[in-house]
Amino acid sequence: MTYVEFFDKDATENICACLAYSPNKIIYVGDSDEQMTKSIDNYKQVFARRAPKMEFIKKVVEKDNLDSAITVLSQIIEENEECVFDITGGAEILAVALGIVYAKYPDKKIRLRRFNVNESTVCDCTPDGKTVYQVVPKFSISENVRIYGGKVMFGRIDQHKTYLWNLMPDFLRDAELIWGICRGNPRLWNTQIGVFEAMEEVGRVNGSTLTTVASRRALDPYLKRHKARYRKINGIINQLLANGLITRFEEKDEETVTVSYKNEQVKKCLTTAGMALELKVYITAKLLKDKNGNPYFDDALNGVLIDWDGFAHDEKREEIFDTENEIDVMLMRGITPIFISCKNGNITSEELYKLDTVAKRFGGKHAKRVLVAPSIETLGDTGEYLIQRAKDMNILLIKDILGASDGDEKLKNGLMSIVKDSDGIN
């Protein structure tokens, strides 16, 4: 079977239908040789695992030239025994040409398919007039980023890369305890975590990677440069100690500060600004189930570092600087990518534009954009402006989740509303 795709700028529409059927050959028809060549290289990398023997071909037609389109499509039909055309995207003139060619070859096996992004299904119009619906297989976050030319950069917990959390029961408990302390007073929490984070920048490891010692002589000017100051918030420190999240906190004559953490994952949570909220959103999405007990989201990652061209460079040696963006949380529902920005304190309109830009670049027109901002309504006029701006940019806002009794349920419902599903959740 030969699959014919009308090449579209949206990568999702170029590969969605063939994901469901895995044909022997895919022919992309479009008017840009360069764009098709680059995109096909990305698609090959994704299908190398799913269908390693699949053949990719491109056919170039003259832009806005109906005769050229008819000639190319006729050639494809004459050279291939059975052709299936995906009419989801691409230039309108190709759809017109297909109608003419379809009538020209009544005895040829020609089938038409169309993709429904909301349902993640392919509508197959068979020769006998029947319509068959086929569900598109799951798509991973890494695969989605790859078809748009990027690459998810994975790494260790101590690297500025995408880290795969070990969600063992003990850590799930710790993450929930951390969120419980954070949501009690997000402003004070951010202040204390800012101090811990600064200690990692100017301090030294003392015997173990879990213990950090920082000199006030180095710590105070560092915080000042970042428009902050040293503070020990007793209520937060005492809760962290009581729950075993930190095992030691000492101040020595206003000269040094020492902190010891329970383990590496807890340390990352307590020394990274915004991580408490990010983890809460990520873990909630990761564990969310539908009524049948299946995962509601097909893939989930936290701290997704995306390299824009898919190649990591040695910037000092090659003198090539990578363009990278980090997404706080990214999810996949079917083949719909979801980009989530988590902000537990102050927010600027720049964050909305950055979220919108990255989502469009690596999710196309079907990407969903979400801002989780529990404290946005405390920002006064700025908060009201941002709420309206997010609405205007079609960015879903999840905001009222700090309540101890109903916050978790509101977060679940908010995440579920991103891509609506009649199955609901448990």
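From a predicted model like this one, the values you see are computed outputs, not experimental measurements.

What follows is about the overall build of the protein chain. Helices and strands together make up the secondary structure of the protein chain, namely 15 helices and 17 strands. Structurally, the protein chain occupies a C-alpha span of about 90 × 50 × 40 Å along its principal axes. Considering the protein chain as a whole, with its 426 residues, one finds that 50% of them fall into the buried category. Taking the contacts inside the protein chain whose residues are at least 6 apart along the sequence as the reference set, 67% of them involve residues at least 24 apart.

Right, let's talk about unusual backbone geometry for a bit. Most of the time, phi is negative for any residue but glycine, and the peptide bond is trans. For Asp-253, which is not glycine, the phi torsion reads 50° and is therefore positive. Under the relative-accessibility criterion, Asp-253 is labelled exposed at 63%. With phi around 55°, Glu-254 is a residue other than glycine that occupies positive phi space. As for its placement among the helices and strands, Glu-254 is situated in the loop between strand 11 (246–252) and strand 12 (256–261). For Glu-254, a relative accessible area of 68% gives the class exposed.

One pass over the full model with this rule turns up ten aromatic pairs. Relative to Trp-165, the ring of Tyr-163 lies with its centre 5.2 Å away and its plane at 75°, an arrangement referred to as edge-to-face. When its relative accessible area of 15% is taken as the criterion, Tyr-163 is described as buried. An aromatic cluster of three or more residues is present, and its members are Phe-7, Tyr-28 and Tyr-43. Residue placement shows Arg-361 over the ring face of Phe-362; its charged tip is 4.6 Å from the ring centre.

What follows concerns a negative patch on the surface. On the surface, Glu-251, Asp-253, Glu-254 and Glu-255 cluster together into a negatively charged patch. The topology assignment puts Glu-255 in the loop between strand 11 and strand 12.

Moving on, we get to the pattern of salt bridges. Per the counting criterion, the structure on display carries 22 salt bridges. A salt bridge links Glu-250 to Arg-248, with the nearest nitrogen and oxygen atoms 3.0 Å apart. Using a relative accessible area of 31% as the deciding quantity, one classes Arg-248 as partly exposed. Taking the shortest distance from any N to any O, the salt bridge between Glu-351 and Lys-343 comes out at 3.5 Å. Across this residue pair, the class does not change: Glu-351 and Lys-343 are buried. Shared partners join several salt bridges into a network, and the residues in it are Asp-170, Arg-173, Asp-174 and Lys-262.

Here we take up the sheet that holds strand 15 (residues 336–342). One open sheet holds the six strands; their spatial order is 8-13-14-15-16-17, and the pairing between them is mixed. Only two strands of the sheet have a single partner each, and these edge strands are strand 8 (151–152) and strand 17 (396–398). Bridge count for strand 8 against strand 13 (residues 299–307) is two bridges, and the pairing is antiparallel. Considered in strand 13, the bridge of Val-152 is made with Ile-306. Of the strands in this sheet, strand 13, strand 14 (324–333), strand 15 and strand 16 (368–372) are in contact with helix 13 (residues 349–363), which crosses strand 15 at around 160°.

Each value, and the rule that gives it
Residues numbered from 1 in each chain as written. Predicted model: local features only at pLDDT ≥ 70, side-chain atom pairs only at ≥ 80, totals over all residues. Heavy atoms only, no water. Helix = DSSP H or I, 4+ residues; strand = E, 2+ residues; numbered from the N terminus. Buried < 20%, exposed > 50% of the residue type's maximum accessible area, 1.4 Å probe, protein only. Contact = heavy atoms within 4.5 Å. Phe/Tyr/Trp six-rings, centres within 6.5 Å; stacked < 30°, edge-to-face > 60°. Lys NZ or Arg CZ within 6 Å of the ring centre and 35° of its normal. Patch = residues over 30% accessible without salt bridge, like charges linked within 9 Å, V, L, I, M, F, W, Y side chains within 5 Å. Areas by Shrake-Rupley, 256 points an atom, 1.4 Å probe, with all protein chains shown as cover. Salt bridge = Lys/Arg side-chain N within 4 Å of Asp/Glu carboxyl O. Lys, Arg positive; Asp, Glu negative; His and termini not counted. Charge placed at Lys NZ, Arg CZ, Asp CG, Glu CD. Pairing = 2+ DSSP bridges. Axes fitted to C-alpha atoms, helices over the stretch in contact; angles between N-to-C directions.

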